[in-house]
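Residue-level listing of the chains:
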Amino acid sequence: MSIFDSSAVGRRAYRFPDLDVPEVGLDELIPREHQRQSPPGLPEVSEVEVVRHFTQLSRKNHGVDVDFYPLGSCTMKYNPKINEDMAALSGFNRLHPYQTENTVQGALALMHDLAGYLSAIAGLASTTLQPAAGAHGELTGLMIMREFQRHRGDEQRDEVIIPDSAHGTNPASAMMVGCRVREVPTDSRGGVDVSALREMAGPKTLGLMLTNPNTLGVFDENILEIAEIIHQVGGLLYYDGANANAILGMVRPGDMGFDIVHFNLHKTFSTPHGGGGPGSGPISVSEELTPFLPYPLVTKTASGYEFFRPAQTIGRVKAFYGNFGVLVRAYAYVRTIGADGMRQISETAVLHANYLMRRLQKSFYLPYDRHCMHEFVLSGMNQKAFGIRTLDIAKRLLDHGIHAPTVYFPLIVDEAIMVEPTETETKETLDRFIDAMYAIAAEAEANPDLLKDAPHSTPIGRLDEAAAARRPVVRWEASVEDEA
Ligand SMILES: *Cc1c(COP(=O)(O)O)cnc(C)c1O
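Computed from a predicted structure; not experimentally measured. (Residues numbered from 1 in each chain as written. Predicted model: local features only at pLDDT ≥ 70, side-chain atom pairs only at ≥ 80, totals over all residues. Heavy atoms only, no water.)

A. Quick peek at the overall build of the protein. Of the regular secondary structure elements, the protein holds 18 helices and 12 strands. Burial analysis of the protein (484 residues in total) assigns 48% to the buried set. For the protein, the proportion of contacts with a sequence separation of at least 24, taken over those separated by at least 6, is 70%. Accessible surface, the protein: about 23800 Å² in total, of which carbon and sulfur atoms supply 54%. (Helix = DSSP H or I, 4+ residues; strand = E, 2+ residues; numbered from the N terminus. Buried < 20%, exposed > 50% of the residue type's maximum accessible area, 1.4 Å probe, protein only. Contact = heavy atoms within 4.5 Å. Areas by Shrake-Rupley, 256 points an atom, 1.4 Å probe, with all protein chains shown as cover.)

Below you can see the structure in the form of structure tokens.
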């Protein structure tokens, strides 16, 4: 029974004891014109009914704490609970951003050290923790690139080269800094078409945005040549670090030739995500770009930690100091994992992805048949012959209690199914996923209608996804009759 049906006039979760102090009149507390004239029309229920209401709502959600969540490009790995405990420490979560530096030395030390760890992982000189997400890191990075070129008197550069496999935020960020996007095609092995890149690069090139491994999950082994092409024409290389879970402790973007890197702390460094935030997208930059970083940065002096303003800063990109709680989780994660553990994360993530890819290849078409990194992209083309689309496969997976993979991305793969298992799952869970996918492939042949109506076991079946995104109903409102 819903909480709205179990409402009864006068039912309460708790009652206060009788007043033993003089009563203050309502008019003394709230001016009469601000007082409401009728009750708010909320359900009147007991405490246990409220608890059940919210617990039941939470069970209608899928999360990584519920079951497997192989959503490609999003790194939906398990986030160790100790990191939540650290972020909840009152010394962190009760800080006020207007406190003076000498009262927040611990927080500054954490920011200073985390920036240092991220610089080390990136293989670059310095890091700002301000951007609130990967996309925001991209925007910040591109603003720095433009400012750097302006200082060099190279203002004509307004083209950003981006592969056709890129995440949509890359071209969107380039447009936001007023640049033109040049799309470079993917070659037959899934990497950047180097000869096409060579033709595109020139005096108008601000830079190249690339993720490596890319969204096909393949590592571009031409990266050093690619970096040379861009640097030779005076451009810069931006690394979209959303796929960093594949390379931690193995290779540093700085060594591949990148000048700027963003990290999605909420993907790679243990902050729960998927519900819309808060996130964090720090960027690390090379020595020559360091003077342009947003302020404030944190520096360590003889007398303690201080904020400072880089000489040619592009200014602030976020209120205060970034999403601090996410920084605490990332710091706790890095410190508990350690340098050796970092490498193990990526080795295991890559092993899991290759295991799944090779076994699923038996039932699903694999367009780029080569060793993958932390994720891989299948195509639902085999199933299309039976009138089944990738969307049907994804929806049917929900009946197995498993979240759908990313679908129809990257755009260059027909009926794309992008799977990222992450390092935090057991072999038993991976095998259960394989069994579910085999079962769905068999159903596609034998009983396609079953897939077309899926899911059959979730609170809501197929919904109008455009309406759900554009006109979400996230708030209950008392009806006019209830008000009366
Ligand atoms: C998630 C993602 C982004 C954007 O990151 P947000 O933190 O969601 O803004 C950019 N590129 C790739 C490849 C991604 O997977």
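B. Structural view of the packing of aromatic side chains. By the definition in use, this model includes 11 aromatic pairs. Consider the rings of Y239 and F258, whose centres lie 4.8 Å apart with planes at 70°: the pair is edge-to-face. In this pair, Y239 sits in strand β5 (residues 236-240) while F258 sits in the loop between α10 (253-256) and β6 (260-262), placing the two residues 19 residues apart along the sequence. The pair Y239 / F258 is uniform in exposure class, with both members buried. Members of the aromatic cluster, connected to one another through ring pairs, are Y98, F307, F320 and Y321. Over the face of the ring belonging to Y295 we find R309, whose NZ or CZ atom lies 4.3 Å from the ring centre. (Phe/Tyr/Trp six-rings, centres within 6.5 Å; stacked < 30°, edge-to-face > 60°. Lys NZ or Arg CZ within 6 Å of the ring centre and 35° of its normal.)

C. Spatial organisation of the sheet that holds strand β4 (residues 205-210). Spatially, seven strands are ordered β1-β7-β6-β5-β4-β2-β3 in an open sheet, and the strand pairing comes out mixed. What marks the edges here is a single partner per strand, and that holds for β1 (126-128) and β3 (180-184). Going across the sheet, the axis of each strand differs from the next one's by a mean of 25°, ignoring polarity. Against the sheet, helix α5 (residues 105-122) engages β1, β6 and β7 (283-285), with an angle of about 125° to β1. Relative to the sheet, helix α6 (residues 134-151) contacts β2 (159-163), β4, β5, β6 and β7, its axis offset from that of β5 by approximately 175°. (Pairing = 2+ DSSP bridges. Axes fitted to C-alpha atoms, helices over the stretch in contact; angles between N-to-C directions.)

D. Summary view of the site of the ligand. Lining the immediate environment of the ligand, one finds S73, A133, G134, A135, E138, H167, T169, D240, A242, N264, H266 and K267. Backbone polar atom of A135 to an oxygen atom of the ligand: 2.8 Å apart, as the coordinates give it. A distance of 2.5 Å is found between a nitrogen atom of the ligand and a side-chain nitrogen or oxygen belonging to D240. Here the ligand loses 87% of its free accessible area of 380 Å² to cover by the protein chains. Going through the elements one at a time, α6 and α11 (265-268) are the ones with two or more residues in the shell around the ligand. (Near = heavy atom within 4 Å. Polar contact = N/O pair within 3.5 Å; in protein donor to acceptor, adjacent residues only side chain to side chain.)

E. Highlighting the pairing of β5. β5 sits mainly inside the fold: five of its five residues count as buried. Burial along β5 is two-sided: the residues L236, Y238 and D240 and L237 and Y239 are all buried. With four bridges joining them, β4 and β5 adopt parallel strand pairing. Residue pairing across strands places G207 opposite L236, the latter belonging to β5. The parallel pair β4 and β5 is bridged by helix α9 (residues 223-232), and the resulting crossover is right-handed. Pairing of β5 with β6, which is carried by three bridges, proceeds in the parallel orientation. Looking at β6, one finds that D240 is bridged to H262. (Right-handed = clockwise from strand over helix to strand, strands pointing away.)

F. Broad picture of helix α7 (residues 169-176). Restricting attention to buried positions, one finds in α7 the residues N170, S173 and A174. Seen end-on, α7 carries its buried residues on one side only, within an arc spanning 100°. Counted as exposed and oriented over 90 degrees from the buried face of α7: M175 and M176. Buried-residue contacts for α7 involve α6, β2, β3, β4 and β5. In the stretch just after α7, G178 is the one whose phi turns positive, near 80°. (Arc of directions from axis to C-beta.)

Purely geometric stuff here, so don't read any function into it on its own.
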